[in-house]
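Coordinate analysis (summary)
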Amino acid sequence: MVKICCIGAGYVGGPTMAMIAYKCPDIQVVVVDISASRINAWNSDRLPIFEPGLDDVVRSCRGVNLHFSSDVESHVADSDIVFVSVNTPTKTRGLGAGKAADLTYWESAARMIADVSTSDKIVVEKSTVPVTTAEAIEKILTHNNPGKHDFQILSNPEFLAEGTAVADLASPDRVLIGGRGDTEGGRKAIAALKAVYARWVLEDRILTMNLWSAELSKLAANALLAQRISSVNAMSALCEAMGANVSEVAYAVGKDSRIGPKFLSASVGFGGSCFQKDILNLVYICECNGLPEVANYWKQVVQINDYQKARFVQRVVSSMFNTVSGKRIAISGFAFKKDTGDTRETAAIDVCHGLLGDKAQLSIYDPQVTEEQMRRDLAMAKFDWDHPQHLVPSSPTAASGQVAVAWDAYAAAKGAHAVCVLTEWDEFKKLDYQRIYEGMEKPAFFFDGRNVVDVDALRKIGFIVYSVGKPLDPWIKDLPAAPLS
Ligand code: UDX
Ligand code: UDX
Ligand code: ADP
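Residues numbered from 1 in each chain as written. Chains lettered and ligands numbered in written order. Predicted model: local features only at pLDDT ≥ 70, side-chain atom pairs only at ≥ 80, totals over all residues.

Rule in force here: UniProt positions are given in the numbering used here, feature names are shortened, and annotations may be inferred rather than shown by experiment.
As recorded in an unreviewed UniProt entry, the protein goes by UDP-glucose 6-dehydrogenase and comes from Acorus calamus. Under Function (unreviewed entry), UniProt gives the following word-for-word description of the protein: "Involved in the biosynthesis of UDP-glucuronic acid (UDP-GlcA), providing nucleotide sugars for cell-wall polymers." Quoted verbatim from the Pathway (unreviewed entry) field of the UniProt record, the comment on the protein reads "Nucleotide-sugar biosynthesis; UDP-alpha-D-glucuronate biosynthesis; UDP-alpha-D-glucuronate from UDP-alpha-D-glucose: step 1/1."

Next up, the structure:
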């Protein structure tokens with residue numbers, strides 16, 4: 001029987017291993033983590049991450065062939081295949097700070113594998129890492145294992161998106177396996193991992209390639225996806241200036257089969273743990289390889305994303321007579337996208353910081369994000385979210401009276417001068433906006449950063465509406481926009 005162990009019970013490791021256990025009843029899967037509280041949550045009725053459909057998958061195999069444990073070393077020692085799915089934050093200090101990936105967690109996991117191994121192992125790189133990490137890990141493993149066991153390194157990047165993780169894992173567009181196909185041991189390792197996925201993934205969707213191609217494919221895929229969003233967001237600024245509608249433009253463009261309709265929704269900006277981090281990582285790799293032109297090309301994707309968030313704040317402030325000081329502003333949605341409680345790199349953090357900087361009073365509502373999480377996020381320095389040990393205590397700004405957390409969208413908007421939609425939760429489409437309007441100060445402003453509301457219907461109620469990339473409300477159009485800082 002094959003025994004699999006996964007180091008790191010996070011957003012990637014947890015759901016991925018649950019799906020392997022679910023699809024392969026004869027494989028024993030153990031997910032380990034140094035965080036005992038995370039493991040306890042995986043073993044409880046309330047999983048540490050909110051992901052539609054995941055509860056059922058976990059419940060059906062937990063305790064049978066799926067286990068969660070904080071006894072990291074013994075389970076690693078006992079396994080044939082070790083997935084490594086630990087966090088790879090952006091470095092906050094030293095060489096490459098603000099861009100390069102910090103491989104501290106990865107390296108300590110690799111050293112631990114080398115220390116405890118008493119048999120041959122296939123080590124699978126699951127978290128996104130800089131290209132050539134596999135080679136570095138291989139060196140750590142082979143130079144640190146006293147028993148001289150054979151370690152085969154594979155790169156098997158994960159492409160699941162949060163909110164749709166279960167569906168993505170059950171029916172992936174493709175599975176990538178990178179390995180040393182030029183050696184006998186490498187070919188065997190590739191075949192062993194392929195055999196696991198082949199239980200439920202069609203063979204022609206399992207792509208095998210060399211290690212470097214697999215590692216780079218993950219960074220390239222995220223960079224291209226983020227680039228589509230920055231492209232359409234850049235268009236949204238032009239649409240507003242020209243009186244065009246970005247949804248119509250995106251629809252027309254997406255009808256071209258060479259372009260396709262997906263991932264063309266203009267928004268207040270992309271978030272999530274991957275896009276910005278992976279692009280910055282790509283930029284750093286380009287710079288290190290003497291390719292400044294390529295680095296600058298990709299850097300622009302992140303810069304347009306920052307511009308889009310700043311532009312949104314500017315619209316809010318300049319529409320409201322250039323001052324939001326002391327005004328209550330409702331924030332509808334804090335997660336980086338709908339159907340997840342994840343707030344890593346969410347646009348809401350930057351937008352809230354911008355409004356707080358202008359002395360607004362915020363009342364925030366999100367159906368899945370806890371008050372504690374919101375306050376922690378608003379108090380955290382850039383990039384610190386991926387360094388659990390660097391968590392700073394709540395800053396006086398976020399903890400003080402400037403931020404309130406509401407239990408629903410109606411409560412958040414009560415007495416507010418404006419509503420800002422920052423996450424596209426389905427429930428925001430079905431709210432009674434007449435009721436919301438009646439409870440607000442007048443003029444009542446509505447800033448839709450996610451294109452969730454019917455602009456005309458809201459204008460009919462009496463709102464002054466701004467929706468990213470849509471023709472501007474006459475009220476907003478006639479105002480001089482404050483320059484972006
Ligand atoms: C383009 C658009 O495709 C078409 O819709 C529009 O109406 C006019 O402009 P065209 O310039 O005729 O059409 O050719 P196209 O096939 O788009 O190729 C343009 C250039 O891109 C060529 O030099 C082609 O070799 C190059 N190309 C295309 C690549 O380098 N790589 C590719 O993957 C595709
Ligand atoms: C992404 C990749 O999609 C996934 O393949 C990879 O494994 C991890 O990174 P994720 O970050 O979970 O997944 O979510 P995704 O659906 O890609 O959305 C990322 C961000 O882009 C969100 O903030 C989302 O709201 C935004 N977005 C997405 C847009 O603004 N417009 C779009 O059209 C699509
Ligand atoms: P991702 O989104 O890539 O899954 P997460 O941050 O959600 O990333 O999860 C990474 C997990 O890896 C965290 O729960 C962290 O505690 C765990 N981790 C980091 N280093 C180690 C290690 N050396 N051994 C075990 N678990 C680790």
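Anyway, onward from the coordinates.
What about the overall build of the protein?
Defined as follows: Only DSSP runs of H or I covering at least 4 residues are called helices, and only runs of E covering at least 2 are called strands; the numbering of each starts at the N terminus. Residues with at least 20 neighbouring C-beta atoms inside 10 Å of their own are called buried, those with 12 or fewer are called exposed, and the rest are partly exposed, where every C-beta is derived from the backbone. By the criterion used throughout, residues are in contact when their C-beta atoms, derived from the backbone, lie within 7 Å.
Summing up its helical and strand segments, the protein has 19 helices and 14 strands in all. Principal-axis analysis of the C-alpha atoms places the extent of the protein at approximately 75 × 45 × 45 Å. For the protein, the proportion of its 485 residues judged to be buried stands at 46%. Residue pairs at least 24 apart in sequence account for 74% of intrachain contacts in the protein once pairs closer than 6 positions are excluded.

Topic: helix α13 (residues 347–357)
For α13, the full list of buried residues reads A347, A348, I349, D350, V351, C352 and L355. Looking at the buried side of α13, the elements it contacts are α12 (292–319), β9 (328–332), β10 (361–365), α14 (371–379) and β12 (418–421). K359 sits one or two residues past α13 and shows a positive phi near 70°.

Side note on the site of ligand 3
Cut-off, in case you're wondering: Only the C-beta atom, placed from the backbone, is used; a residue is near a molecule or strand if that atom lies within 6 Å of it. Three classes are used, and their members are as follows: Ala, Val, Leu, Ile, Met, Phe, Trp, Tyr, Cys and Pro are nonpolar, Asp, Glu, Lys and Arg are charged, and the others, Gly among them, are polar.
The immediate surroundings of ligand 3 are formed by 21 residues, with G8, G10, Y11, V12 and V86 found nearest. The leading source of residues in the shell around ligand 3 is helix α5 (residues 104–116), at three residues. A per-class count over the shell around ligand 3 returns 10 nonpolar, nine polar and two charged.

Details of the environment of F270
Inspection of the secondary structure assignment puts F270 in the loop between α10 (246–254) and α11 (275–288). Counting along the chain gives 67 residues from F270 to K337, while the straight-line C-alpha distance between them is 8.4 Å. If we skip the residues at most four places from it in the chain, F270 touches A226, I229, F275 and N305.

Description of the sheet that holds β10
To keep it simple, the criterion reads: DSSP bridges decide pairing: two strands pair if at least two such bridges lie between them. For helices, the axis comes from a line fit to the C-alpha atoms of the stretch in contact; other axes are also lines fit to C-alpha atoms, and the angle between any two N-to-C directions lies between 0 and 180 degrees.
An order of β11-β10-β9-β12-β13-β14 is seen for the six strands of this open sheet, with the pairing classed as parallel. Each of the sheet's edge strands pairs with one partner strand only, and the pair in question is β11 (403–405) and β14 (464–467). Across this sheet, the average inter-strand angle for adjacent strands is 20°, counted without regard to direction. The pairing of β9 with β10 spans five bridges and is parallel. By the bridge assignment for β10, S332 is matched with Y365.

Some remarks on the site of ligand 2
Taken together, 19 residues are adjacent to ligand 2, and S265, S267, F270, G272 and C274 come closest. Top element by residues in the shell around ligand 2 is helix α9 (residues 211–242). It accounts for three residues. Looking at the shell around ligand 2 residue by residue, the class counts come to 11 nonpolar, five polar and three charged.

So, the UniProt feature "active site" (unreviewed entry) in the protein
Annotation from UniProt places "active site" (unreviewed entry) at C274. With respect to the element layout, C274 can be found in the loop between α10 and α11. Residue classification places C274 among the buried positions, given that 25 C-beta atoms sit within 10 Å. With near-sequence residues (within four places) excluded, C274 lies in contact with T128 and N222.

So, the nonpolar core
The criterion, for reference: The nonpolar core is taken to be a set of buried Ala, Val, Leu, Ile, Met, Phe, Trp, Tyr and Cys residues joined by way of C-beta atoms within 7 Å.
With 78 residues, the main nonpolar core has I279, V316, I329, I331, V351, I364 and C420 as its most contacted residues. For this core, the element with the highest residue contribution is α12, accounting for eight residues. Sequence-distant contacts of I331, that is, excluding residues within four places in its chain, are made with A348, C352, L362, I364, A412, C420 and L422. M17, V30, V32 and I137 belong to the second-largest nonpolar core, a separate cluster that totals 60 residues.

Quick word on the environment of T343
Along the polypeptide, T343 turns up in the loop between β9 and α13. Taking the C-alpha atoms as reference, T343 lies 14 Å from K277; in sequence the two are 66 residues apart. Non-local contacts of T343, meaning those with residues more than four positions away in its chain, are made with F334, A335, F336, V369, Q373 and D377.

A closer look at unusual backbone geometry
In most cases, non-glycine residues show a negative phi, while peptide bonds are predominantly trans. Each neighbour pair has its own omega, and for K442 with P443 the value is -5°, a cis peptide bond. Relative to the helices and strands, P443 is located in the loop between α17 (433–438) and β13 (445–448). The phi angle at N322 is positive, at roughly 65°, despite the residue not being glycine. You can see N322 is positioned in the loop between α12 and β9. In this model, N451 sits at a positive phi of 55°, which is unusual for a non-glycine residue.

Points about the packing of helix α1 (residues 13–23) against helix α3 (residues 54–61)
Cut-off, in case you're wondering: With respect to orientation, any angle under 35 degrees is reported as roughly parallel, any angle over 145 as roughly antiparallel, any angle of 65 to 115 as roughly perpendicular, and every other angle as oblique. Take the far helix as your reference; a near helix turned counterclockwise from it by less than a right angle gives a left-handed crossing, and one turned clockwise gives a right-handed crossing.
One can describe the packing of α1 onto α3 by two numbers: an axis separation of 9 Å at closest approach and a directional angle of 50°. As far as their axial angle goes, α3 and α1 are oblique. Handedness of the crossing formed by α1 with α3: left-handed. Between α1 and α3, the contacting residues are P15, A18, M19, A21 and Y22 on the first element and L54, V57, V58, S60 and C61 on the second. When grouped by side-chain class, the residues that make up the contact of α1 with α3 number nine nonpolar, one polar and no charged.

Re helix α6 (residues 133–144)
Rules: Any helix carries an expected span of 1.5 Å times its number of residues minus one. It is the directions from the helix axis to the C-beta atoms whose arc is reported.
Compared with the 16 Å implied by 1.5 Å per residue over 12 residues, the 17 Å span of α6 between its first and last C-alpha is a close match. Of all the positions in α6, only T133, A134, I137 and L141 are classed as buried. In a view along the axis of α6, the buried residues occupy a sector of 95°, so they form one face of it. More than 90 degrees from the buried face of α6, the exposed residues found are K139 and H143. Against α5, β5 (121–125), β6 (151–155) and α9 lie the buried residues of α6.

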